Amino acid sequence: MSDRQKSRAGLNRFLWTALWRLYPSVSLAVGATREACLQTLGEAARPSAARLHLRDLFVEGRRYYIQPQENGFKITSDNRPLWGRRSQRTAVSAYLTGTFSSVEGGSVVTLVRLHARMYRLSLLGALALPTFFTSIIAFMPWEPAILVILAAALYGSSLLGHRLNAALQVNEMVYFVQKAFEDLPPAVVSELPGRSPDMVVDPGAPGDFAAEWARYYREHS
């Protein structure tokens with residue numbers, strides 16, 4: 001593959017990611033065990049007068065559903081629509097997965113990585129309504145160019161609307177996790193000592209790191 005083909009493939013991947021990525025990956029570090037993280041998320045998902053600092057998470061009747069997994073958790077969310085019955089809930093378009101990993105050190109530190117995904121059924125549902133209307137306007141006695149433009153507008157607006165709705169749900173779920181983990185102790189990672197048997201230092205290197213960095217900065221300024 002030539003450099004031009006590689007650059008074109010990279011541009012295509014960038015455009016596809018920019019258009020369809022719901023939310024960038026998020027990493028959180030907390031000073032608690034995995035079990036404590038799951039317990040905190042489960043408690044935060046239940047509205048309570050004892051946790052009034054989390055009341056903003058449940059605006060417009062929004063609810064969160066936590067599903068523990070083998071090495072993390074999965075979150076979905078919905079809310080009450082502005083117009084509709086009180087018991088009616090909006091469709092779930094996306095989900096958020098969290099993966100746990102431990103950080104070695106003297107203190108307990110858990111690293112949580114969050115990734116967002118859109119349900120494929122939601123994506124297929126975005127094609128159902130435009131297909132129905134396209135099958136109707138296809139028999140209209142209009143110019144073919146007008147029919148193509150109308151069909152493209154129907155599909156584009158439907159896909160964009162479903163994508164924005166999924167991105168909104170993911171944004172609310174990421175904010176929920178960040179807000180819930182504020183009740184956990186902050187992560188404290190122990191610093192490396194100045195000298196230890198595990199560190200290899202070149203005895204012939206002149207000066208310490210600060211002096212070497214200052215010299216490198218002067219040479220490349």
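Residues numbered from 1 in each chain as written. Predicted model: local features only at pLDDT ≥ 70, side-chain atom pairs only at ≥ 80, totals over all residues. Heavy atoms only, no water.

Here we look at the pairing of strand β3 (residues 72-78)
Logical step 1: Burial of β3 is extensive: seven of the seven residues sit out of reach of the surface.
Logical step 2: Because side chains alternate across β3, one face comprises the buried residues G72, K74, T76 and D78, and the other comprises F73, I75 and S77, equally buried.
Logical step 3: The pairing of strand β2 (residues 63-69) with β3 spans seven bridges and is antiparallel. Bridged to Y65 within β3 is T76.
Logical step 4: In this antiparallel pair of consecutive strands, β2 and β3, the connection spans two residues.
Logical step 5: Two elements, β3 and strand β4 (residues 94-102), share four bridges in a ladder whose sense is antiparallel. By the bridge assignment, K74 is partnered in β4 with T97. (Buried < 20%, exposed > 50% of the residue type's maximum accessible area, 1.4 Å probe, protein only. Helix = DSSP H or I, 4+ residues; strand = E, 2+ residues; numbered from the N terminus. Pairing = 2+ DSSP bridges.)

Points about a nonpolar patch on the surface
Logical step 1: Taken together, the side chains of L129, F132, F133, I136, M140, W142, I146 and L150 present a nonpolar region at the surface, about 730 Å² in accessible area.
Logical step 2: Elements that contribute at least two residues to the nonpolar patch include exactly α3 (120-137) and α4 (144-180).
Logical step 3: The element that contributes the greatest number of residues to the nonpolar patch is α3, accounting for four residues.
Logical step 4: Along the chain, W142 falls in the loop between α3 and α4. (Patch = residues over 30% accessible without salt bridge, like charges linked within 9 Å, V, L, I, M, F, W, Y side chains within 5 Å. Areas by Shrake-Rupley, 256 points an atom, 1.4 Å probe, with all protein chains shown as cover. Salt bridge = Lys/Arg side-chain N within 4 Å of Asp/Glu carboxyl O.)

Remarks on the sheet that holds β2
Logical step 1: If you trace the five strands from one edge of the open sheet to the other, you get β1-β5-β4-β3-β2, paired in antiparallel fashion. Edge positions in the sheet fall to β1 (26-30) and β2, since each of these pairs with one other strand and no more. Each strand axis lies, on average, 25° off the axis of its neighbour in the sheet, ignoring direction.
Logical step 2: Across the face of the sheet, α4 comes into contact with β1, β2, β3, β4 and β5 (110-118) while running at roughly 35° to β4. (Axes fitted to C-alpha atoms, helices over the stretch in contact; angles between N-to-C directions. Contact = heavy atoms within 4.5 Å.)

Regarding the packing of aromatic side chains
Logical step 1: Enumeration according to the criterion identifies five aromatic pairs in this entry.
Logical step 2: Among the aromatic side chains, those forming a connected cluster through ring pairs are F58, Y64 and F176.
Logical step 3: Over the face of the ring belonging to Y95 we find K74, whose NZ or CZ atom lies 4.7 Å from the ring centre. (Phe/Tyr/Trp six-rings, centres within 6.5 Å; stacked < 30°, edge-to-face > 60°. Lys NZ or Arg CZ within 6 Å of the ring centre and 35° of its normal.)

With respect to the nonpolar core
Logical step 1: Counting 32 residues, the largest nonpolar core has L22, L96, L114, V170, F176, V177 and F181 as the members making the most contacts within it.
Logical step 2: Those elements giving two or more residues to this core turn out to be β1, α2 (34-44), β3, β4, β5 and α4.
Logical step 3: Looking at which element gives the most residues to this core, the answer is α4, with eight residues.
Logical step 4: Setting aside residues up to four positions removed in sequence, L22 forms contacts with A94, A116, R117, M118, R163, A166, A167 and V170. (Core = buried A, V, L, I, M, F, W, Y, C linked by side-chain atoms within 4.5 Å.)

Quick notes on the environment of L164
Logical step 1: Relative to the elements of secondary structure, L164 occurs in helix α4.
Logical step 2: Relative accessible area serves as the criterion here: at 48%, L164 is assigned to the partly exposed category.

With respect to the pattern of salt bridges
Logical step 1: Under the defined criterion, the tally for this structure stands at two salt bridges.
Logical step 2: For the salt bridge of D78 with R89, the shortest nitrogen-to-oxygen distance reads 3.0 Å. Remark: R89 occurs in the loop between β3 and β4 and D78 occurs in strand β3; sequence separation between them is eleven residues.
Logical step 3: Using a relative accessible area of 7% as the deciding quantity, one classes D78 as buried.
Logical step 4: In this structure, E182 and K179 form a salt bridge, with 3.8 Å as the shortest nitrogen-oxygen distance.
Logical step 5: Here E182 falls in the exposed class, since its relative accessible area comes to 55%.
Logical step 6: Look at K179 and you get partly exposed, because its relative accessible area is 22%.

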